[in-house]
Amino acid sequence: MSDSTKEVGKVYLVGAGPGDPGLITVKGLESLRTADAVVYDRLASPKLLAQARSDAELYDAGKGRDNHRMTQTEINDLLVELGLNGKSVCRLKGGDPFVFGRGGEEALELSAAGVPWEVVPGISSTIAAPAYAGIPVTQRGMSTSLTIVTGSEDPNKPDSTINWEALSGLSGTLVFVMGWKGMHDIVEALTSRGVPNDRPAALVQWGTTAQQRVVTGPIDEIVTRGVEAGIGAPVALVIGEVAGLREAMAWFDTRP
């Protein structure tokens, strides 16, 4: 068959969920099990990868802060190449593809190349990690809003796209992800703009997995407590009165 008549495949941008392999959706698991090729992220569970076909092509596209097996451009090019070669592709991404997952960038590249794609939403760690820590991100009479923020942007940048003044004035729950390296600056940016020093906060590391660890305390002490406890990335910072419910509602990491 000539290149001009070759059948084009399809790429599924699949949310693998927050870490617990049982939290992938039924549709996401079906895509994973039937794909010709699987392009997976660093946080994808090995138990999920075991669900791929025995003859499926597996591509490790994991990206840590200082360890990129593939650049984003290389990932985009790989997805386009596989799709144009007629493959059914499962692009397995941690959490949800469109919540700080760069799924939108990949979708735009696929559209530009004429490769059909479909998004399969996943459970984001921004809500799942607090839930597994016993912290509901909304609670009647306590928090009626949820704001999710990337922690990878330096609050001290003069051209920051994050409105720190507005964030500091919110009464609901704030969840920061991908921000452990700059956590001191995040806390300082909020408390210097009026967030009370005693506002409840929590750090949730490796949320929903067997390695989950949680530290709670007032916001002005939370980073110090996290360091003392050996907390590190990946971690979610939860700020708000709901973090104070942890003691009464902890269920997952208190089990034997």
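Here the structure is a predicted model, which means the values were calculated and not measured. (Residues numbered from 1 in each chain as written. Predicted model: local features only at pLDDT ≥ 70, side-chain atom pairs only at ≥ 80, totals over all residues. Heavy atoms only, no water.)

### So, the environment of V39
Line of reasoning, step 1. As for its position among the elements, V39 is in strand β2 (residues 37-40).
Line of reasoning, step 2. Overall, V39 belongs to the buried group, its relative accessible area being 0%.
Line of reasoning, step 3. Measuring from C-alpha to C-alpha, the distance between V39 and S160 comes to 32 Å, with 121 residues separating the pair along the chain.
Line of reasoning, step 4. Setting aside chain neighbours within four positions, we find V39 in contact with Y59, A61, L78, L79, L82, V89, C90, R91 and L92. (Helix = DSSP H or I, 4+ residues; strand = E, 2+ residues; numbered from the N terminus. Buried < 20%, exposed > 50% of the residue type's maximum accessible area, 1.4 Å probe, protein only. Contact = heavy atoms within 4.5 Å.)

### Remarks on the environment of G230
Line of reasoning, step 1. Along the chain, the position of G230 falls in the loop between α8 (219-228) and β12 (235-239).
Line of reasoning, step 2. The spacing of G230 and P97 is 133 residues in sequence and 29 Å in space, taken between C-alpha atoms.
Line of reasoning, step 3. Setting aside residues up to four positions removed in sequence, G230 forms contacts with Q205 and R213.

### Focus: the pattern of salt bridges
Line of reasoning, step 1. Throughout the structure, instances matching the rule amount to 14 salt bridges.
Line of reasoning, step 2. The residue D253 makes a salt bridge to R246 at a minimum N-O spacing of 3.0 Å. (Salt bridge = Lys/Arg side-chain N within 4 Å of Asp/Glu carboxyl O.)

### Some details on the sheet that holds strand β10 (residues 200-205)
Line of reasoning, step 1. Strand order in this open sheet of five strands is β8-β9-β12-β10-β11, and the pairing throughout is mixed. Two strands in the sheet have a free side with no partner beyond their single neighbour: β8 (146-150) and β11 (213-218). Within this sheet the neighbouring strands show an average axis-to-axis angle of 20 degrees, counted without direction.
Line of reasoning, step 2. In terms of strand pairing, β10 meets β11 through six bridges, oriented antiparallel. (Pairing = 2+ DSSP bridges. Axes fitted to C-alpha atoms, helices over the stretch in contact; angles between N-to-C directions.)

### What about the nonpolar core?
Line of reasoning, step 1. Among the nonpolar cores identified, the biggest contains 22 residues, and W164, L167, F176, L190, I222, L237 and I239 are the most heavily contacted of them.
Line of reasoning, step 2. Secondary-structure elements contributing two or more residues to this core are α6 (164-168), β9 (173-177), α7 (183-191), β10, α8 and β12.
Line of reasoning, step 3. Counting residues per element, this core draws most heavily on α7, which supplies five residues.
Line of reasoning, step 4. Beyond its immediate chain neighbours, meaning those up to four positions away, L237 contacts L174, V175, F176, M183, I186, A201, A202, L203 and I222.
Line of reasoning, step 5. Judged by nonpolar contacts, the second largest core, of 16 residues, contains L32, V38, Y40 and A52. (Core = buried A, V, L, I, M, F, W, Y, C linked by side-chain atoms within 4.5 Å.)

### What about a negative patch on the surface?
Line of reasoning, step 1. Where like charges cluster on the molecular surface, the negative patch consists of E74, D77, E81 and E109.
Line of reasoning, step 2. With three residues, the top contributor of residues to the negative patch is helix α3 (residues 72-84).
Line of reasoning, step 3. Relative to the helices and strands, D77 resides in helix α3. (Patch = residues over 30% accessible without salt bridge, like charges linked within 9 Å, V, L, I, M, F, W, Y side chains within 5 Å. Areas by Shrake-Rupley, 256 points an atom, 1.4 Å probe, with all protein chains shown as cover. Lys, Arg positive; Asp, Glu negative; His and termini not counted. Charge placed at Lys NZ, Arg CZ, Asp CG, Glu CD.)

### Topic: unusual backbone geometry
Line of reasoning, step 1. A cis amide bond links A233 with the next residue in sequence, P234, at an omega value of 0 degrees.
Line of reasoning, step 2. Positioned with a positive phi, W206 is a non-glycine residue whose angle comes to about 50 degrees.
Line of reasoning, step 3. Tracing the chain through its elements places W206 in the loop between β10 and β11.
Line of reasoning, step 4. A relative accessible area of 32% means that W206 is categorised as partly exposed.
Line of reasoning, step 5. In this model, T208 sits at a positive phi of 80 degrees, which is unusual for a non-glycine residue.
Line of reasoning, step 6. On the secondary structure map, T208 appears in the loop between β10 and β11.
Line of reasoning, step 7. You can call T208 buried: its relative accessible area is 2%.

### As for the side chain of D41
Line of reasoning, step 1. Within the fold, D41 resides in the loop between β2 and α2 (46-49).
Line of reasoning, step 2. When its relative accessible area of 16% is taken as the criterion, D41 is described as buried.
Line of reasoning, step 3. Within the local environment of D41, its side chain forms a polar contact with the side chain of R91, the two groups lying 2.9 Å apart.
Line of reasoning, step 4. In contact with D41, other than residues within four places in its own chain, are A61, G62, R91, L92, K93 and G94. (Polar contact = N/O pair within 3.5 Å; in protein donor to acceptor, adjacent residues only side chain to side chain.)

### Quick look at the pairing of strand β6 (residues 88-93)
In the case of a regular strand, side chains alternate between the two sheet surfaces.
Line of reasoning, step 1. Of all six residues in β6, five are buried; the element is thus mostly enclosed.
Line of reasoning, step 2. As judged from the six bridges shared by strand β1 (residues 10-15) and β6, these two strands associate in the parallel manner. In the sheet register, Y12 faces β6, and the bridge partner there is C90.

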